[in-house]
Amino acid sequence: MNPIEELRAARPAHLGDAPVDERTRQSELAYAMAQGAPARRRRNLRPVWGLSLAGAAAAVTAVAVFTAGTGGGTAPRAPARVAQPASPAIKLSAQEVLLVAAANAERAPATSGTYWHTETLGRNLFRAPGGYVMVTEQRDEMWVSKNGQWSRSQYLGAKPATDEDRARWAAAGSPAEIELTVPGKGVGQLVPIAAKKPHTGHHAGKEVFWLGRNVTLADLAALPDDEVGLKGWLLKYYEGKSTESDAPMAEDAWLFQVTAGLITDMPVSAKVRGAAFRMLAALPSVTSVGQVTDSEGRPGTAIAIEHDSKVNNADATGGVLQDRLIIDESTGQALAREGVVVKPGGLQAGLEPGTVSHTVTILEAGWTDTRD
């Protein structure tokens, strides 16, 4: 099936059968020509993003994201295949990208194992009281089974983001810990410069995923596999606010946040993942960023939505963030989640517009029968 047929077959039924406009038709042709020979199969790469972007930034001293990913068998780390661009001159719309991703995601073969295993790398930027910008890193691993979850995380330390920031940090006395002011809560977190030893944990409960509420593997297996049914299931838990705080959040932004987590975090069926892509394609607020690279230098296509970046209702300084999901639409696999500053405020105060303030990228993902 060529990409034009993919788009036609992937089009949600509720969008009707209206004629395709000429710009869309030309972009579909450009996409088809850009594909060339069949692409090599990419290893399964799925980011883990259990916290919201604002929530992850608030936990800057513990960047661990304790959820599970989705995809096929575990594969060793290897250079990513270069994604095929649609065309240097044409940027596919968010709907076009997502419908192609949906069609390709549904072709993924089913895999299984005793544990769902992921390894992720999280990065966060923040401006210190001295005016310099620091970046923290943390590596996390997770194993999930029907009997609970096991985690291993290691804080890799903090460092100045640029040479200029390093000079300002040194001028401030090269502090070993930096105070972080959380809007609405004041100074209460210390960000250590030095790395820490790995930390392990075990949660015996079955509700180990977050999908607007805590859910189990059995809940994921029972999700509707059509976009209308899936959207209705999710919206039962929408209360007009962020999943991580009492800050207001519009319906489209909430659905994007939760559904992106489903796509990247959770071992759902290929049909459910395809339905999730189609549901996002129907959200009018979702836009296409175009070709980007994630924090590991891997190329992909980003879709995004903007939302207020307030940490909580007591935060009067919240700005605007662009929540990005980076995917390889040719395989229907997700690569990373990013938060990009649109309007500085909240925990992103002092960062320049366009700054990627926090990311979570996947290093390994897949089913396995062993737990290290």
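Residues numbered from 1 in each chain as written. Predicted model: local features only at pLDDT ≥ 70, side-chain atom pairs only at ≥ 80, totals over all residues. Heavy atoms only, no water.

**Structural notes on the overall build of the protein chain**
Here comes step 1: A count of helical and extended segments in the protein chain gives 9 helices and 13 strands.
Here comes step 2: Buried residues in the protein chain amount to 54% of all 372 residues.
Here comes step 3: Long-range pairs, those at least 24 residues apart, make up 68% of the contacts in the protein chain with a sequence separation of at least 6.
Here comes step 4: Entry remark: accessible area of the protein chain is about 15800 Å², with carbon and sulfur atoms responsible for 53%. (Helix = DSSP H or I, 4+ residues; strand = E, 2+ residues; numbered from the N terminus. Buried < 20%, exposed > 50% of the residue type's maximum accessible area, 1.4 Å probe, protein only. Contact = heavy atoms within 4.5 Å. Areas by Shrake-Rupley, 256 points an atom, 1.4 Å probe, with all protein chains shown as cover.)

**Observations concerning the sheet that holds strand β10 (residues 299-308)**
Here comes step 1: Ordered in space as β6-β3-β2-β1-β13-β12-β11-β10-β9, the 9 strands form an open sheet in which the pairing is antiparallel. On the outer flanks of this sheet lie β6 (199-203) and β9 (287-293), each paired with one strand and no other. The mean inter-strand angle of the sheet, taken between neighbouring strand axes irrespective of direction, is 20 degrees.
Here comes step 2: Sheet topology places strand β11 (residues 320-328) next to strand β12 (residues 333-343); 9 bridges connect them, and they run antiparallel. Each residue of the ladder has a partner; that of Leu 325, found in β12, is Arg 337.
Here comes step 3: Most of the contacts of helix α4 (residues 94-105) go to β10, to which it runs at about 125 degrees, and overall it touches β9, β10 and β11.
Here comes step 4: On top of the sheet, helix α5 (residues 163-171) reaches β1 (115-127), β2 (133-145) and β3 (148-160); it is set at about 80 degrees to β3, its chief contact. (Pairing = 2+ DSSP bridges. Axes fitted to C-alpha atoms, helices over the stretch in contact; angles between N-to-C directions.)

**Some words on the confidence of the model for the protein chain**
Here comes step 1: Per-residue confidence for the protein chain averages 77 on the pLDDT scale, and 73% of its residues sit at or above 70.
Here comes step 2: The secondary structure element of the protein chain with the lowest average pLDDT is helix α2 (residues 22-35), at 34, and the one with the highest is helix α7 (residues 227-235), at 97.
Here comes step 3: Within the model, pLDDT remains below 50 along residues 1-89, and this stretch shows 244 contacts once partners closer than five positions in the same chain are excluded. (pLDDT = per-residue confidence, 0-100.)

**Examining the pattern of salt bridges**
Here comes step 1: As enumerated under the stated definition, the model contains 10 salt bridges in all.
Here comes step 2: With a closest N to O distance of 2.9 Å, Arg 168 and Glu 164 form a salt bridge. Placement of both Arg 168 and Glu 164 in helix α5 is noted, with a separation of 4 residues, approximately one turn of the helix.
Here comes step 3: For Arg 168, a relative accessible area of 38% corresponds to the partly exposed category.
Here comes step 4: Note that Arg 337 and Asp 323 form a salt bridge whose closest N and O atoms lie 2.8 Å from each other. Taken together, the residues span a long stretch of sequence, with Arg 337 in strand β12 and Asp 323 in strand β11 at a distance of 14 residues.
Here comes step 5: In this structure, a network of salt bridges that share partners links the residues Arg 123, Glu 137 and Glu 296. (Salt bridge = Lys/Arg side-chain N within 4 Å of Asp/Glu carboxyl O.)

**A few points about helix α8 (residues 251-265)**
Here comes step 1: In a regular helix each residue adds 1.5 Å, so 15 residues correspond to 21 Å; α8 covers 21 Å between its end C-alpha atoms and thus fits that length.
Here comes step 2: Of all 15 residues in α8, 14 are buried; the element is thus mostly enclosed. (Expected span 1.5 Å × (residues − 1).)

**Quick look at the packing of α7 against helix α9 (residues 270-281)**
Helices that pack against each other are described as a pair by the angle of their axes relative to one another and the distance between those axes.
Here comes step 1: Direction vectors running N to C along α7 and α9 enclose 80 degrees, while the axes themselves pass 8 Å from each other. By the angle between their axes, α7 is roughly perpendicular relative to α9. Residues Glu 227, Leu 230, Lys 231 and Leu 234 of α7 touch α9, and the partners they reach there are Val 272, Ala 275, Ala 276, Arg 278 and Met 279. (Parallel < 35°, antiparallel > 145°, perpendicular 65-115°, else oblique.)

**Considering the packing of aromatic side chains**
Aromatic rings considered in pairs are described by the distance between their centres and by the relative angle of their planes.
Here comes step 1: Considering all chains together, one arrives at 4 aromatic pairs under this definition.
Here comes step 2: With centroids separated by 5.7 Å and ring planes inclined at 90 degrees, the aromatic side chains of Tyr 115 and Trp 150 adopt a geometry described as edge-to-face. Of this pair, Tyr 115 sits in strand β1 while Trp 150 sits in strand β3, and the two are 35 residues apart along the sequence. Here Tyr 115 and Trp 150 have matching classes, each one buried. (Phe/Tyr/Trp six-rings, centres within 6.5 Å; stacked < 30°, edge-to-face > 60°.)

**A word on the environment of Ile 327**
Here comes step 1: One can find Ile 327 in strand β11.
Here comes step 2: Along the primary structure Ile 327 and Asp 294 are separated by 33 residues, whereas in three dimensions their C-alpha atoms are 9.7 Å apart.
Here comes step 3: Residues within four places of Ile 327 in sequence aside, it is in contact with Val 97, Leu 98, Ala 101, Phe 277, Gly 300, Thr 301, Gln 333, Ala 334 and Leu 335.

**Examining the nonpolar core**
Here comes step 1: Counting 48 residues, the largest nonpolar core has Leu 211, Leu 223, Leu 234, Leu 262, Ile 303 and Leu 325 as the members making the most contacts within it.
Here comes step 2: The set of elements that each furnish at least two residues to this core consists of α4, β2, α7, α8, α9, β10, β11 and β13 (356-368).
Here comes step 3: In this structure, Ala 128, Ala 158, Val 191 and Leu 347 belong to the second largest nonpolar core, which totals 12 residues. (Core = buried A, V, L, I, M, F, W, Y, C linked by side-chain atoms within 4.5 Å.)

**Things to note about the side chain of His 358**
Here comes step 1: With respect to the element layout, His 358 can be found in strand β13.
Here comes step 2: In this structure His 358 comes out as buried when scored by relative accessible area, which is 1%.

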